[in-house]
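Fold and geometry: a report
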Amino acid sequence: MYLLIVFLPLLGSSVAGFFGRFLGSEGSAILTTTCVSFSSILSLIAFYEVAPGASACYLRIAPWISSEMFDASWGFLFDSPTVVMLIVVTSISSLVHLYSISYMSEDPHSPRFMCYLSILTFFMPMLVTGDNSLQLFLGWEGVGLASYLLIHFWFTRLQADKAAIKAMLVNRVGDFGLAPGISGRFTLFQTVDFSTIFARASAPRNSWISCNMRLNAISLICILLLIGAVGKSAQIGSHTWSPDAMEGPTPVSASIHAATMVTAGVFMIARCSPLFEYPPTALIVITSAGATTSFLAATTGILQNDLKRVIAYSTCSQLGYMIFACGISNYSVSVFHLMNHAFFKALLFLSAGSVIHAMSDEQDMRKMGGLASSFPLTYAMMLIGSLSLIGFPFLTGFYSKDVILELAYTKYTISGNFAFWLGSISVLFTSYYSFRLLFLTFLVPTNSFGRDISRCHDAPIPMAIPSILLALGSLFVGYLAKDMMIGLGTNFWANSPLVLPKNEILAESEFAAPTITKLIPILFSTSGAFVAYNVNPVADQFQRAFQTSTFCNRLYSFFNKRWFFDQVLNDFLVRSFLRFGYEVSFEALDKGAIEILGPYGISYTFRRLAERISQLQSGFVYHYAFAMLLGSTLFVTFSRMWDSLSSWVDNRSSFIFIVSTFYTKSSQE
């Protein structure tokens, strides 16, 4: 049963990919949706068996790589964090598959789309169930590949091509940290198996790791792992790929930003919590990165006009909350927020997809308005998702986001206070852009074309059912799971995310945090909604003054252009790397040294050598006799004197001298 959870999506993807042309669009969609749905049902059964009793299940299937001290096997670990992630991934993916049946019904390449969507659903369980670093890395790279294929699905669109390549390259930058982190763990612990690494995590402190430098090995490894998480989970510096990924179909956006790709970095940090607990420097860096990302993404989202980009920036902001929750050593709360976030974020994306689908693929909110009467169900779903996103009391987001902020406050450190205040201010901006989205799309006077208004319709039944189920999750999941997952004294996690006693502050945040601190998120949420109401649908004069004032116009451009991150990265990094890649890597190395000393140089050298030797063929016997006599004399002389000459002769120098001689002669000719 446990293996079926992982491999059923692969089965559906393989059949849809190889036989989709025979099954047709409907057959491929039904097959893949059925496989992922059964995987979701089995995930619920696995959750019931594993999580309540804290009884983990470990399956070792077969050896994979065995070379002296290096041993990696195909193994699957099902513990509490794993089964929680499996429920999130498979349930959200099954609803996205069901939604895609109607959303992609008119696309001629629907079987290929369902194949890609299922392969994404396969690689994510492969990532979360892996019991060693290499298997996690396999799922990590597979998720990146599947996301590239899905963002690039409409490959005739130039922006989709650019977005897919950008997502792939930015994630490669993250892998530049993750791969050395895995290698460093093997260097330090002589294994890639998680259980062995975690059991020995407290032993080493300062170790020689490379380059004759004495470093804190655990801190270095954790920073490298964080770089991988930053790339995959769209944290500051590597967040630019996430909004651009909106060029793919809306079900892709829902799957990537709610349940699969962006959550991989958060899960990896939670999985490696026994490593992250010991170096305080790494925790401070994680906290700072997450808090800064939440603030950056929230301020960027307030003035975006693309419907899906606003929701994408809210994803980056919420991921920042999850990352800095890990930084303050509350991994269980981070995974709890990840689960809650998956429901209301998938709901927001699917509701946005219903609007875009009905409005002839229009995504600019300024060209919408007045759609509440035409989309009553979609408006209700979007309202529920937005309220849960801003942490409205007693909805799903409230039970995790507010706990994260209280934990940051009761950390009583500079990094904790930094995260608390940036996270609280981000609540204000989150509330503003969430209600701005609602006002501009559904409530202000319409700015749409008449043909779009006349043809628009609410979501059909196959698209409405997933939205309704996700709305129920956005309403009740947080309330139902709070005491079980993060309640005081719960044994749900069974030390799977390890927290040292000195970092355990959950009880203090519950009872010692001042009441005003607990009320700050609600006050900021209310203030953001009030400002959004007064700025967007009512106060047109204020909005015009904001756009015409020089300072306000520059401020508008700064936030609308996303803090100029893309421009800075392109001007100072991308251009330099492109220039280096062409002038050094391509011209000097590939077309220069490697070809001269490689196949081209060797072939040219022997060809010129053969030409020179052929000139010695004169046809006179006494020439040949003289050459044989001279050669024999030189051979006997060198063989007798080799012991004294060997210390003065370098074979490599001789080869280079011969090659350079031929090149000099050829250039003179």
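By the naming in an unreviewed UniProt entry, the protein goes by NADH-ubiquinone oxidoreductase chain 5 and is assigned to Arabis alpina. Turning to the protein, the UniProt annotation filed under Sequence similarities (unreviewed entry) states: "Belongs to the complex I subunit 5 family." The annotation that UniProt attaches to the protein under Subcellular location (unreviewed entry) is "Membrane".

This paragraph deals with the overall build of the protein. Each helix and strand in the protein was counted, giving 27 helices and four strands. With respect to the principal axes defined by its C-alpha atoms, the protein has extents near 110 × 60 × 60 Å. Across the 669 residues in the protein, those meeting the buried criterion constitute 53%. Within the structure as shown, the protein displays about 29,700 Å² of accessible surface, and the carbon and sulfur contribution to it stands at 67%.

Moving on to the pattern of salt bridges. Where charged atoms from two side chains of opposite charge approach closely, those side chains can pair. One pass over the full model with this rule turns up eight salt bridges. Between aspartate 244 and arginine 309 there is a salt bridge, and its shortest N-O distance comes to 3.1 Å. Within this pair, whereas aspartate 244 is found in helix α8 (residues 241–244), its partner arginine 309 is found in helix α13 (residues 307–327), the two being separated by 65 residues in sequence. Among the residues examined, aspartate 244 registers a relative accessible area of 11% and is labelled buried.

For the rest of this paragraph, the subject is the packing of helix α24 (residues 565–597) against helix α25 (residues 599–614). With their axes 4 Å apart at the nearest point, α24 and α25 run at an angle of 45 degrees to one another. What the angle tells us is that α24 and α25 run oblique. When you trace α24 past α25, the crossing you get is right-handed. In this structure, α24 uses Ile594, Glu595, Ile596 and Leu597 to contact α25, whose residues at the interface are Pro599, Tyr600, Gly601 and Ile602. The class makeup of the residues in the contact of α24 with α25 is six nonpolar, one polar and one charged.

With respect to the helices and strands, the residue histidine 257 is situated in helix α9 (residues 250–258). Look at histidine 257 and you get buried, because its relative accessible area is 0%. When the C-alpha atoms of histidine 257 and alanine 346 are compared, they prove to be 7.7 Å apart, with 89 residues separating the residues in sequence. Every residue in contact with histidine 257, bar those within four places of it in the chain, is listed here: Ser242, Ala245, Met246, Val262, Ala312, Thr315, His341, Lys345 and Phe349.

So, about helix α4 (residues 133–151). Note that an α-helix has 3.6 residues per turn; residues three or four places apart therefore point the same way. For α4, built from 19 residues, the straight-helix expectation of 27 Å at 1.5 Å per residue is met to within 8% by its first-to-last C-alpha distance of 27 Å. Of the residues flanking the start of α4, the one acting as N-cap is asparagine 132, its side-chain oxygen 3.1 Å from the backbone nitrogen of leucine 134.

A few words on the environment of leucine 350. Among the structural elements, leucine 350 can be located in helix α14 (residues 331–358). Placed 97 residues apart in sequence, leucine 350 and serine 253 show a C-alpha to C-alpha distance of 8.8 Å. Apart from the residues within four sequence positions on either side, leucine 350 is in contact with Tyr99, Ala254, Pro466, Ser467 and Leu470.

Below, the discussion takes up unusual backbone geometry. The backbone phi angle of glutamine 190 is positive, close to 60 degrees, even though this residue is not glycine. One non-glycine residue, alanine 234, lies in the positive phi region at around 55 degrees. Counting through the fold element by element, alanine 234 comes out in the loop between α7 (217–232) and α8.

On to the side chain of asparagine 305. The topology assignment puts asparagine 305 in the loop between α12 (280–301) and α13. Of note is the side chain of asparagine 305, whose polar atom sits 3.0 Å from the side chain of arginine 436. Not counting the four nearest positions on each side in its chain, asparagine 305 is found in contact with Gln363, Asp364, Met365, Arg366, Arg436, Tyr556 and Asn560.

With that settled, the discussion passes to the packing of aromatic side chains. Scanning all chains against the criterion turns up 22 aromatic pairs. Both rings, one in phenylalanine 122 and one in phenylalanine 123, keep their centres 5.0 Å apart while their planes meet at 55 degrees; by these two values the pair is tilted. Taking relative accessible area as the criterion, phenylalanine 123 reaches 15% and is therefore assigned buried. Both rings, one in tyrosine 379 and one in phenylalanine 442, keep their centres 5.1 Å apart while their planes meet at 50 degrees; by these two values the pair is tilted.

All right, on to the nonpolar core then. Core analysis: the biggest nonpolar cluster contains 178 residues, and Ile92, Trp241, Phe276, Met339 and Met485 have the highest contact counts within it. Once residues lying within four places of it in the same chain are set aside, the contact partners of methionine 485 are Val84, Phe336, Met339, Thr490, Phe492 and Trp493.

What follows concerns the state of the cysteines. One pass over the full model with this rule turns up zero disulfides. The thiol of cysteine 35 is not disulfide-bonded; the next cysteine sulfur, from cysteine 115, is found 12 Å away.

For strand β1 (residues 57–67) and strand β2 (residues 70–78), the ladder comprises nine bridges, and the chain directions are antiparallel. Looking at the pairing, proline 63 lines up with serine 73 of β2. Count of turn residues in the β1/β2 antiparallel hairpin: two residues, of which glutamate 68 carries a positive phi of about 55 degrees.

On to helix α2 (residues 80–103), then. The terminal C-alpha atoms of α2 lie 34 Å apart, and with 24 residues this matches the ideal 34 Å at 1.5 Å per residue to within 8%. Across the 24 residues of α2, 22 count as buried, placing the element largely inside the fold.

On to the packing of helix α1 (residues 2–50) against helix α3 (residues 110–129), then. Two elements in contact, α1 and α3, have axes whose closest approach is 8 Å; the angle formed by their N-to-C orientations is 175 degrees. What the angle tells us is that α1 and α3 run roughly antiparallel. Considering only residue class, the contact of α1 with α3 consists of 14 nonpolar, 12 polar and no charged.

Scoring rules and cut-offs
Here the residue numbers are simple positions, counted from 1 along each chain's written sequence. With the structure being a predicted model, the display of local features is reserved for residues of pLDDT at least 70 and the display and counting of side-chain atom pairs for 80 or more, all residues being used for whole-chain, interface and lining totals. Computation of side-chain values: all heavy atoms of the structure, hydrogens and water removed. UniProt positions are given in the numbering used here, feature names are shortened, and annotations may be inferred rather than shown by experiment. For helices the rule is a DSSP run of H or I covering at least 4 residues; for strands it is a run of E covering at least 2, with both sets numbered from the N terminus onward. Summary of the burial criterion: residues with accessible area below 20% of their type's maximum are buried, those above 50% are exposed, and those between are partly exposed, where the area comes from a 1.4 Å probe applied to protein chains only. Only the protein chains shown count as cover for residues, and all accessible areas are computed by the Shrake-Rupley method using a 1.4 Å probe. By definition, a salt bridge exists where a carboxyl oxygen of Asp or Glu is found within 4 Å of a side-chain nitrogen of Lys or Arg. Axes here mean lines fitted to C-alpha atoms, for a helix over just the part in contact, with angles spanning 0 to 180 degrees between N-to-C directions. Throughout, the term roughly parallel applies to angles under 35 degrees, roughly antiparallel to angles over 145, roughly perpendicular to angles from 65 to 115, and oblique to all others. Handedness of a crossing is defined here by the sense of rotation of the near helix relative to the far one, left-handed for an anticlockwise turn of less than a right angle and right-handed for a clockwise turn. Residues count as neighbours in contact if any of their non-hydrogen atoms are within 4.5 Å of one another. Residues are grouped as follows: Ala, Val, Leu, Ile, Met, Phe, Trp, Tyr, Cys and Pro are nonpolar; Asp, Glu, Lys and Arg are charged; every other residue, Gly included, is polar. By definition here, a helix of n residues has an expected span of 1.5 Å times n minus one. Whenever two N or O atoms come within 3.5 Å, that pair is a polar contact, provided that in protein one can donate a hydrogen and the other can accept it, and provided that, for residues adjacent in sequence, both atoms are side-chain atoms. Two rings from Phe, Tyr or Trp (for Trp, the six-membered ring) form a pair when their centres are within 6.5 Å of each other. A pair whose planes differ by under 30 degrees is stacked, one over 60 is edge-to-face, and the rest are tilted. Definition used in this section: a nonpolar core is a set of buried Ala, Val, Leu, Ile, Met, Phe, Trp, Tyr and Cys residues joined via side-chain atoms within 4.5 Å. The disulfide criterion used throughout: a pair of cysteine sulfur atoms within 2.5 Å. DSSP bridges decide pairing: two strands pair if at least two such bridges lie between them.

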